[in-house]
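# Remarks on the overall topology
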Amino acid sequence: MSFFEEKNPEMDRYLEAHASSEPEILKKLRRETYQKTTQPHMISGYQQGRLLTIISQMMRPENILEIGTFTGYATLCLAAGLTENGRITTLDVNEDLAYLPKKYFAESEHSTRIDFRLQDAKEFLNETAQFFDLIFIDADKENYAEYFRLIKPRTKSGSVIMFDNVLWYGKVLEENPKQKATQAIKELNDLIAKDDDFENLILPLRDGVNFLRRK
Ligand SMILES: C[S@@+](CC[C@H](N)C(=O)[O-])C[C@H]1O[C@@H](n2cnc3c(N)ncnc32)[C@H](O)[C@@H]1O
C-alpha cells in the first residue's frame with residue numbers, strides 16, 4: 001500500500017481499471033506473494049509494473065540491473081523489453097524467499113535471460129565492470145545515496161535509472177528527519193537534482209519513482 005493508494009483508493013482503482021491488463025504469470029505471482037510472504041506490500045504494484053514494462057519495451061535494453069528482487073514481479077515486468085540476447089541481473093539478499101522468484105523465473109518465457117543472484121548490492125556494484133542500459137533500485141533505502149554513487153559509473157549516455165519509494169510516504173517533506181531511511185532518500189533526491197549529467201523528474205506514482213536519464 002502506498003502513500004497515494006491510502007489517500008485515494010477510489011482513484012487508484014480507476015487507474016488500475018484503465019491500464020492494460022496484467023499478464024497471467026504476474027497475477028499468479030502477485031497472489032502467491034500475498035499468500036506466502038509476511039510483507040507482500042513490498043511487491044511492485046500493478047501500475048508500476050505496467051510502467052516498467054512499457055519503458056523496457058520502448059528502450060529494448062541489452063543489460064538491465066535490478067536491486068531488490070523480492071518475489072520477482074518487477075524482474076518479469078522489466079524482462080519483457082529485453083533484446084533477444086539481452087540479460088537482466090537481479091540481486092537480493094533474502095535466501096529464505098529465493099524459492100519464489102526462482103520458481104516464477106523458470107516458468108517465464110524470459111527464463112534464459114534472467115540472472116538471479118543472492119548477493120549484496122554494494123558488493124556487486126563494487127565488483128562489476130559492466131554497463132547497464134536500464135537500472136531499477138527498490139531495496140534498502142538507507143543505502144540509496146550510496147547506490148547512486150556506485151551506479152553512476154556503470155551508466156552511459158542514454159542509460160535510464162529508476163529509484164522506487166523516493167517520496168517515502170510523504171516523509172521527504174520532514175525538515176530534520178530522525179529516520180535513517182528518510183535521511184538517505186532525501187540525500188539521494190538532492191544529489192540527483194544537483195547532478196548535471198542526468199535529466200530527471202520524480203513521478204508521483206505510488207510512493208514516487210525518481211526517473212533519470214543520463215545525458
Ligand atoms: C521492496 S522489495 C523489492 C520489490 C521488488 N522489486 C518487486 O517488484 O516486487 C526490497 C528487496 O530488497 C532486498 N534487499 C535489501 N537489502 C538488499 C541489499 N543490500 N542488496 C540486495 N537486495 C537487498 C530485500 O531482501 C527485499 O527483497
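Above this text you will find the structure in question.
## What about the site of the ligand?
Around the ligand, the structure places 20 residues, and the nearest of them are S44, G68, D92, D120 and A121. Here D92 contributes a side-chain N or O atom positioned 2.6 Å from an oxygen atom of the ligand. D120 is positioned such that a nitrogen or oxygen atom in its side chain is 2.8 Å from a nitrogen atom of the ligand. Alone, the ligand offers 600 Å² of accessible surface; in the complex the protein occludes 90% of this. Here the ligand occupies the largest pocket. Those elements that place two or more of their residues in the shell around the ligand are α5 (73-79) and β2 (87-92). A class-by-class count of the residues in the shell around the ligand yields 10 nonpolar, five polar and five charged.

## Considering helix α3 (residues 24-36)
Think of an α-helix as turning once every 3.6 residues; residues three or four places apart then point the same way. The terminal C-alpha atoms of α3 lie 18 Å apart, and with 13 residues this matches the ideal 18 Å at 1.5 Å per residue to within 8%. Tucked inside the fold, the buried residues of α3 contact α4 (46-59), α5 and α6 (99-107).

## Details of unusual backbone geometry
Unusually for a residue other than glycine, R60 sits at a positive phi of about 50 degrees. Mapped onto the elements, R60 comes out in the loop between α4 and β1 (63-67). Its identity is not glycine, yet R206 carries a phi of approximately 50 degrees, on the positive side. By secondary structure assignment, the location of R206 is in the loop between β6 (198-203) and β7 (209-214). We classify R206 as buried; its relative accessible area is 12%.

## A look at the pairing of β7
Residues in a regular strand project their side chains so that they alternate between the two faces of the sheet. When strand β5 (residues 160-164) meets β7, the two strands line up antiparallel, connected through five bridges. Paired with M162 across the bridge in β7 is F211. Alignment of β6 against β7, held across six bridges, turns out to be antiparallel. Across the sheet, residue L201 finds its bridge partner in β7, namely F211. Hairpin connection from β6 to β7: five residues lie between these consecutive antiparallel strands, with R206 at a positive phi of about 50 degrees.

## Side note on the side chain of N189
Mapped onto the fold, N189 is located in helix α9 (residues 180-194). For N189, a relative accessible area of 12% translates into the label buried. At 3.0 Å, the side chain of N189 and the side chain of N210 are in polar contact.

## Focus: the sheet that holds β6
Spatial ordering of the open sheet is given by β3-β2-β1-β4-β5-β7-β6, a layout of seven strands whose pairing is mixed. Every interior strand has two partners, whereas the edge strands, β3 (114-118) and β6, have only one. Ignoring strand direction, the axes of neighbouring strands in this sheet form an average angle of 15 degrees. As judged from the five bridges shared by β2 and β3, these two strands associate in the parallel manner. For I88, the partnering residue across the bridge sits in β3 and is I114. Here α4 sits on the sheet in contact with β1, β4 (134-137), β5, β6 and β7, set at roughly 165 degrees to β4.

Rules used in this analysis
Residues numbered from 1 in each chain as written. Predicted model: local features only at pLDDT ≥ 70, side-chain atom pairs only at ≥ 80, totals over all residues. Heavy atoms only, no water. Near = heavy atom within 4 Å. Polar contact = N/O pair within 3.5 Å; in protein donor to acceptor, adjacent residues only side chain to side chain. Areas by Shrake-Rupley, 256 points an atom, 1.4 Å probe, with all protein chains shown as cover. 1 Å grid on protein atoms, 1.4 Å probe; cavity = no way out; pocket = protein on both sides within 12 Å on 5 of 7 lines; lining within 4 Å. Sits in = over half its atoms within 2 Å of the grid points. Helix = DSSP H or I, 4+ residues; strand = E, 2+ residues; numbered from the N terminus. Nonpolar A, V, L, I, M, F, W, Y, C, P; charged D, E, K, R; others polar. Expected span 1.5 Å × (residues − 1). Contact = heavy atoms within 4.5 Å. Buried < 20%, exposed > 50% of the residue type's maximum accessible area, 1.4 Å probe, protein only. Pairing = 2+ DSSP bridges. Axes fitted to C-alpha atoms, helices over the stretch in contact; angles between N-to-C directions.

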